[in-house]
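# Structure at a glance
Chain by chain, the residues run as shown.
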Amino acid sequence: MSESTIAAISTPKGEGGISVIRISGSDALSIADKCFSAVSGKKLCDMKGYTAAFGAAVRGDGSRIDEAVALVFRAPKSYTGEDVVEISVHGGIVPARECLKSVFAAGACFARAGEFTKRAFLNGKMDLAEAESVIEIIGAKNAAALRLANGAKEGRIGKDIEKITEKLLLTAASLAAYSDFPDEDIEGLDQEHFSAMIEESEAAISKLISTFHSGQAVLLGVPAAIVGKPNVGKSTLMNMLSGNERSIVTKHAGTTRDIVETQVNVGDITLVLSDTAGIRETDDEIESIGVSRAIRRLDGSALVLAVFDISKPFDGDDERIIDLIKDKNCIAVLNKSDLPKVADCSALAGFNTVEVSAKLGGGMDALAKKIEELCGAAALLPDDTVLLNERQYSCAVRAKNAISEAKEAFCSGVTLDAVTVLIDEAINALLELSGKKATGEVVEEIFKNFCIGK
Amino acid sequence: MIKRYDAGEYDVAVIGGGHAGIEAALSAARLGCSTVMFTISLDWVGNMPCNPSIGGTAKGHLVRELDALGGEMGKAADATTLQSRMLNRGKGPAVYSLRAQIDRRAYSGYMKNAVEKQKGLDVKQAEIVSLEKEGGRWALTTRLGACFKANCVIIATGTFLGGRVYIGEVNYESGPDGNFPATELANCLKQMGLPLRRFKTGTPARVARDSIDFSVLEVQEGDEKTEPFSYKTKKPIENKVVCHIGYTNEKTKEIILENLDRSPLYSGVIEGVGPRYCPSIEDKIVRFADKKRHQMFIEPCGENTDEMYLQGMSSSLPEEVQLAFYRTMKGLENVKVMRNAYAIEYDCIDPTALYPTLELKSFPGLFGAGQFNGSSGYEEAAAQGLVAGINAAHRVKGKEPLILSRTGSYIGTLIDDLVTKGCMDPYRMMTSRSEYRLLLRQDNADERLMPTGHEIGLIDDLTFAEMTGETRLKEAEIARVKSVFLPPSEALGELLISRGTAPTDTGVNLADLIKRPQISYKDLAAFDKGRPVLSDRVCEKVQIEIKYEGYIERQSKQVEEMRRLESKRIPEDIDYGSIRGLRLEAREKLSKIRPDSVGRAGRISGVSPADIAVLLIYLGGIKGENK
């Protein structure tokens, strides 16, 4: 292992209140002392862990970069388990970059993506499953996502998986004993016991698999599109949901020509919401490009909010919208409930409908509830474990398929040595899922998702 | 002080003439090394001091593998078989296991002759009492002062090394079957600093045939259609005897429990650890207290002897108690004991002190094989003997060592388990020890290992050519079967229905039919007009490979995954102490065993998956780093 001291900007790029430069390694304190000068004159090297100093970030020649605060962590009580200094400077790209330059000049190396966490891992600060959940905690978009990711960091998935794995291991062991000791009259596995065990494991994994997509909705956000014919209030709805004037609203039909995107939190769900051009027959070249983009976005969304103006009778354009959304996960948003209802909504029978007044905010709670329901978040109990990512999901699917096949093979009379191959495969997939079987691929997969500075 | 004299020089010296020693001596000599094999008694070369049988679950696999690598055990067993059975026929091809009752004296005679006749191999009756390093070579001294020099020494001392026999309150220094023990050698090895420890094993009584009432016992016949162990055996194996099955009962249990305090195991006299998977009858009764009865197999020890072996009934209880509890069993009411049961304790090494070549890490040129390495069983011993013999010869000749992989053989699995995981009790091979059971079948041992045996030089060109020819026939037949479609017919429908599987009303692929669990390759001969005439051996392989194709493929994928971890090498100079993420136990174990790959590291007990993850990342699990 290289004994080098590493550094990186650990806050997001761009303007913000502060930027933090994190330095970790055996020389972290002495390097930081060359780039930071405390008002008190005290050296960081002489400071205890968990203490801070106020002063300035400086260059090697002593010239000042910015006002700064340095936080000292002593090994092993730090994120990485090594000596760590975090220098906070004013937000904005320039002070942070200048400070980092100075840190490099003082002898630190550039930290690669995930290297801080990698070091934390190597120093025994966390296991693989925890490391994996750190990515999700960083990426958490809302409170529910954070809750799920923290559940994972506490090892909840591991415990659930372990229960299933133990059951399968027990089965594999009795299958083995049955073959290995033909002279001892060990009972063969009876069908009933075997099937019960298999079904139990299958059900437990199926549950994890079934909540994956709702979990992902919570963790990653749901791509959603607002569609409808022109002037039904799509942009007003967008603005109401996002809480600001994201889309331009006028009384002229066709104001929104291109797609406008924003991220909004609706209850436990984060929507990656697109406001689209009104869909109608048009000869306007620019508008028709907008319309076809709107239709493409509608197709690619996991949730569609189709807006209808119920203060006017439905026309051919409305019917076209209804046709476009009929196979989608969608909510028919019946807008302008503040005006007298004129439209005959019987064409929307069978759709999820919510009456709102996007302009005045009426019905928005009902809409939020419906959105949560359709994204599956409502089905997730606060303590549910969810599979965090595609890697875990694919392991679970592999395990489930192997178990289902084992059941089928056993029932059709395939010999037990072959059935065991399938059970072993399920066990391997589950061990891989919980990080208990660390192949090079698993480790690489987990750490590649980290960004620089973590 | 005895006067030492120079008695000769050899490339390889083997201490012990048991199953490990024989294979070690034969393979070293066959590979062109001048070799000497020492045995305490020339009358007991290749003795079977325990059960008169070879093979059994996983052990049958070992014998076939040994045969494919050019070992002798399979041929000797075939030549002296009394009864042959393929175990686990109903449980699937991965666990089919050949087991043969053997004429014990005939087997010993065959092996004695084999070592005597072997060119380049001298066989001597002598007790080696000391072993020393002298000028880069090993000096072995006999009790009579003869001093032999050898480049490599293979220790295959079995239960002779520091042997002590226990029967009830009586115990005394002894080798197996009343032979002298090798006590001085044990002291010498201890002084050299070898990590020795005590293991124990036991054997049941041999009883007189005419004192058994066979009329009340279940008969166990041999297979109607027998198979040999050795690829080279052409003569059909004949069943000459039957075995019988009896049971213990409440009375047996009562007597044993009443006298438990007289057992050296329970009174604490024996310090050696016994084999977990081959317990004595008192052990079984104590450990499985709720079991009503235990099985016993009565096996003849030979054609020209009345001694009968009571398998499953080993004991170290006093002689009178033995007789009393044997006589509680149906059929044994008047049994006469010819040799009593006994436990024997012996010295062996912690096998983690060995490289996978079976050479000791701290003693270049010194190898171990068999019970000395902590294993139990003739087959396990022979397998190690062969590998130690080959590696000693390769060392002498300056050739690359032979390390068999876990993914390719049970022998590789056995040795890997021993040297990587170590063992806390005498190690017995079982099919469940292998992760790749469906690939490492006894039917394909020839295909798996004969290329290696041939390359090493222990398999002759002719045998190798025969095997490769057969493999081609097999492959051609599998390809043909996959391309044949059978038209629907009344007769075919009847067959399928009679086997309890769905009839077809359209044409059906032959391979798909064979994949049905209820249908065999041979069943369909009448419907398969273009079928060539093939040997039984080839037919069986065709059937297994078609039937289990999907499963075999799955397991092959698992092998690939395993190989990737095996190929992740660990640098020899790695400092585990500096990797703080490793748990303390893992750091200690890794520092001691010093595995050569991440795969091997993962199999060390006390090294957890979390430790392996740490190791992988330390070694540069992340792309482009530290590589």
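Residues take numbers from 1 onward in each chain, read along the sequence in its written order. Chains and ligands are labelled sequentially in the order written, the chains with letters from A and the ligands with numbers from 1. Whole-chain, interface and lining totals are the exception, using all residues; otherwise, since this is a predicted model, local features are given only for residues with pLDDT of at least 70 and side-chain atom pairs are given and counted only at 80 or more. Hydrogens are left out, water is left out, and the side-chain values use all remaining heavy atoms of the structure.

Helix numbering and strand numbering both begin at the N terminus, where a helix is a DSSP run of H or I of at least 4 residues and a strand a DSSP run of E of at least 2. Regarding its fold elements, chain B presents 19 helices and 22 strands. For chain B, whose C-alpha radius of gyration is 26 Å, the value lies close to the compact-globule estimate of 25 Å for 627 residues. Considering only C-alpha atoms, chain B reaches an extent of 90 × 75 × 50 Å along its principal axes. When each of the 627 residues of chain B is scored for burial, the buried share is 62%. Every residue pair with non-hydrogen atoms within 4.5 Å of one another is taken to be in contact. Here the analysis covers contacts within chain B between residues at least 6 apart in sequence; of these, 73% occur between residues at least 24 apart. Accessible surface is estimated by sampling points in the Shrake-Rupley manner with a 1.4 Å probe; for residues, cover comes only from the protein chains shown. Accessible surface computed for chain B: about 24,500 Å², of which carbon and sulfur atoms make up 52%. Between the centroid of the 85 positive side chains of chain B and the centroid of its 85 negative side chains there is a distance of 2 Å. Radius of gyration: over C-alpha atoms. The globule rule applied is 2.2 Å multiplied by the number of residues raised to the 0.38 power. Burial status follows relative accessibility: with a 1.4 Å probe on protein chains alone, a residue under 20% of its type maximum counts as buried, one over 50% as exposed, and anything between as partly exposed. Asp and Glu are treated as the negative residues and Lys and Arg as the positive ones, with His and the ends of the chain left uncounted. To locate a charge, the coordinates of NZ of Lys, CZ of Arg, CG of Asp or CD of Glu are taken.

For the rest of this paragraph, the subject is the nonpolar core. Throughout this description, the term nonpolar core refers to a set of buried Ala, Val, Leu, Ile, Met, Phe, Trp, Tyr and Cys residues connected via side-chain atoms within 4.5 Å. Counting 145 residues, the largest nonpolar core has I423(A), I54(B), L140(B) and V153(B) as its most contacted members. The element contributing the most residues to this core is helix 14 (residues 416–433) of chain A, with eleven residues. Counting residues in hydrophobic clusters, the runner-up holds 34 residues, among them V218(A), V232(A), L273(A) and L388(A).

It is worth spelling out the sheet that holds strand 8 (residues 222–227) of chain A at this point. Two pairing modes exist for strands in a sheet, parallel and antiparallel, and in both the strands are linked by backbone hydrogen bonds. Residue and element names in this part refer to chain A. In space, the six strands of this open sheet follow the order 9-10-8-11-12-13, with mixed pairing throughout. Of all the strands in the sheet, the pair left with one neighbour each is strand 9 (260–266) and strand 13 (352–355). Across the sheet, the axes of successive neighbouring strands diverge by a mean angle of 25°, strand direction being ignored. Here, strands pair whenever DSSP counts at least two bridges between them. Pairing geometry for strand 11 (residues 303–309) and strand 12 (residues 330–335), over six bridges, is parallel. Pairing of L305 across the sheet is with I331, part of strand 12. Axis definition: a line fitted to C-alpha atoms, over the contacting stretch in the case of helices. Angles run 0 to 180 degrees between N-to-C directions. Taken strand by strand, helix 10 (residues 285–300) contacts strand 8, strand 9, strand 10 (269–275) and strand 11, and its axis lies near 140° from that of strand 8.

All right, on to the side chain of T39(B) then. Residue position: T39(B) is located in strand 2 (residues 35–39). With residues up to four places along the chain from it excluded, the contact list for T39(B) reads G17(B), V45(B), K124(B), Q125(B) and A126(B).

So, about the pattern of salt bridges. All names here are of chain B. Basic side-chain nitrogens of Lys or Arg form a salt bridge, by our definition, when they fall within 4 Å of a carboxyl oxygen of Asp or Glu. Tallied over the entire structure, the rule returns 82 salt bridges over all chains. The shortest N-O distance in the salt bridge between E134 and R4 comes to 3.1 Å. Taken together, the residues span a long stretch of sequence, with E134 in strand 7 (residues 128–134) and R4 in the segment before strand 1 (5–15) at a distance of 130 residues. Looking at E134, the relative accessible area reads 30%, which means it is partly exposed. Since its relative accessible area comes to 36%, R4 is described here as partly exposed. Counted as one network, the salt bridges with shared partners bring together R406, D416, D417, K421, E435, E566, R569, D596, R600 and R603.

Any pair of Phe, Tyr and Trp rings, taking the six-membered ring for Trp, is counted once the centres come within 6.5 Å. Such a pair is stacked with planes under 30 degrees apart, edge-to-face with planes over 60 apart, and tilted for the rest. Taken as a whole and assessed by the stated rule, the structure comprises nine aromatic pairs over all chains. Residues F194(A) and F410(A) carry aromatic rings whose centres are separated by 3.9 Å and whose planes lie at 25° to one another, so their mutual orientation is stacked. In this pair, F194(A) is assigned in helix 7 (residues 191–210) and F410(A) in helix 13 (residues 390–411), connecting sequence segments 216 residues apart. Since its relative accessible area comes to 11%, F410(A) is described here as buried. Residues Y548(B) and Y551(B) carry aromatic rings whose centres are separated by 6.3 Å and whose planes lie at 55° to one another, so their mutual orientation is tilted. For Y548(B), a relative accessible area of 7% corresponds to the buried category. What links up through ring pairs into an aromatic cluster is the set Y10(B), F38(B) and F148(B). By definition, being over a ring means that NZ of Lys or CZ of Arg is both within 6 Å of the ring centre and within 35 degrees of the ring normal. Here the basic side chain of R22(A) rests over the ring of F116(A), its NZ or CZ set 5.2 Å away from the ring centre.

Facing 49 residues of chain B, the contacting portion of chain A comprises 47 residues. The quantity reported as buried area is the accessible area (1.4 Å probe) lost by two parts once they are put together, taken as the sum for both. Considering only the side of chain B, the residues that lose the most area to chain A are K91(B), R554(B) and I617(B), jointly responsible for 16% of the buried surface there. A salt bridge links D424(A) to R437(B); the nearest nitrogen and oxygen atoms lie 3.5 Å apart. What qualifies as a polar contact is a pair of N or O atoms within 3.5 Å, subject to a donor-acceptor requirement within protein and to the restriction that residues adjacent in sequence count only when both atoms come from side chains. For the interface between chain B and chain A, the tally reads four residue pairs in polar contact (both at pLDDT 80 or more). Among the elements of the structure, strand 16 (295–300), helix 16 (549–567) and helix 19 (609–618) of chain B are those that each provide at least two residues to the side of chain B that touches chain A. Polar here means any residue outside two lists: the nonpolar Ala, Val, Leu, Ile, Met, Phe, Trp, Tyr, Cys and Pro, and the charged Asp, Glu, Lys and Arg; Gly therefore counts as polar. Here the side of chain B that touches chain A is composed, by residue class, of 22 nonpolar, 14 polar and 13 charged.

Residues and elements named next belong to chain B. Spatially, six strands are ordered 14-15-16-17-13-18 in an open sheet, and the strand pairing comes out antiparallel. Across the chains shown, the open sheet's two edge strands, defined by having one partner strand only, are strand 14 (218–220) and strand 18 (337–339). The sheet shows a mean angle of 35° between the axes of neighbouring strands, direction not considered. Here four bridges tie strand 15 (residues 243–247) to strand 16, and the two strands are oriented antiparallel to one another. Along strand 16, the bridge assignment pairs G246 with M296.

Let us now look at the domain arrangement of chain A. You'll often see interface size given as the accessible area lost when the parts meet. Here chain A is described as being made up of domain 1 (6–125), domain 2 (156–211 + 385–448) and domain 3 (219–379). If you average the C-alpha positions of domain 2 of chain A and of domain 3 of chain A, the two centres end up 44 Å apart. In this document the domain limits rely on a domain assignment from an automatic tool or a database.

All names here are of chain A. Mapped onto the elements of the fold, L241 is located in helix 9 (residues 234–242). C-alpha separation for the pair L241 and S288, spaced 47 residues apart in sequence, amounts to 26 Å. Non-local contacts of L241, meaning those with residues more than four positions away in its chain, are made with V264, V266, L273, L305, M364 and L367.

Quick look at the packing of helix 2 (residues 59–68) of chain B against helix 10 (residues 410–421) of chain B now. All names here are of chain B. Put simply, helix 2 and helix 10 touch, their axes get as near as 8 Å, and they point 110° apart. In terms of orientation, helix 2 lies roughly perpendicular with respect to helix 10. Seen from helix 2, the contacting residues are H61, L62, E65 and L66; seen from helix 10, they are Y410, I411 and L414. The residue inventory of the contact of helix 2 with helix 10, partitioned by class, reads five nonpolar, one polar and one charged. Any angle between 65 and 115 degrees counts as roughly perpendicular, while under 35 counts as roughly parallel, over 145 as roughly antiparallel, and the rest as oblique.

Take the domain arrangement of chain B next. Partitioning chain B into structural domains gives domain 1 (206–344), domain 2 (461–553) and domain 3 (568–618). On a C-alpha basis, the centres of domain 1 of chain B and domain 3 of chain B stand 44 Å from each other.

On to unusual backbone geometry, then. The step from A75(A) to P76(A) runs through a cis peptide bond, and the omega angle for that step is 0°. Among the secondary structure elements, P76(A) is positioned in the loop between strand 5 (64–73) and strand 6 (84–90). One non-glycine residue, Y50(A), lies in positive phi territory at about 60°. Counting through the fold element by element, Y50(A) comes out in the loop between strand 3 (36–38) and strand 4 (51–58). Overall, the relative accessible area of 56% leaves Y50(A) in the exposed class. Non-glycine residue L358(B) carries a positive phi angle of around 75°. Structurally, the position occupied by L358(B) is in the loop between strand 19 (342–349) and strand 20 (366–368).

The next thing to look at is the pairing of strand 7 of chain B. Where a strand is regular, its side chains alternate between the two sheet faces. Sheet topology places strand 7 of chain B next to strand 8 (residues 137–142) of chain B; six bridges connect them, and they run antiparallel. Each bridged residue has a counterpart across the sheet, and for I128(B) the counterpart in strand 8 of chain B is T142(B).

A few words on the environment of K251(A). Residue and element names in this part refer to chain A. Assignment of secondary structure puts K251 in the loop between helix 9 and strand 9. Overall, K251 belongs to the exposed group, its relative accessible area being 71%. Along the primary structure K251 and K163 are separated by 88 residues, whereas in three dimensions their C-alpha atoms are 60 Å apart.

All names here are of chain B. Under the 1.5 Å per step criterion, the end-to-end length of helix 12 (residues 461–483) is 33 Å for 23 residues, consistent within 8% with the ideal 33 Å. Of the positions making up helix 12, those classed as buried are T463, F464, M467, G469, E470, T471, K474, E477, I478, R480 and V481. Near the N-terminus of helix 12, the side chain that reaches the backbone nitrogen of L462, with its oxygen 3.2 Å away, is that of D460. In this scheme, a helix's expected span is set at 1.5 Å multiplied by one less than its residue total.

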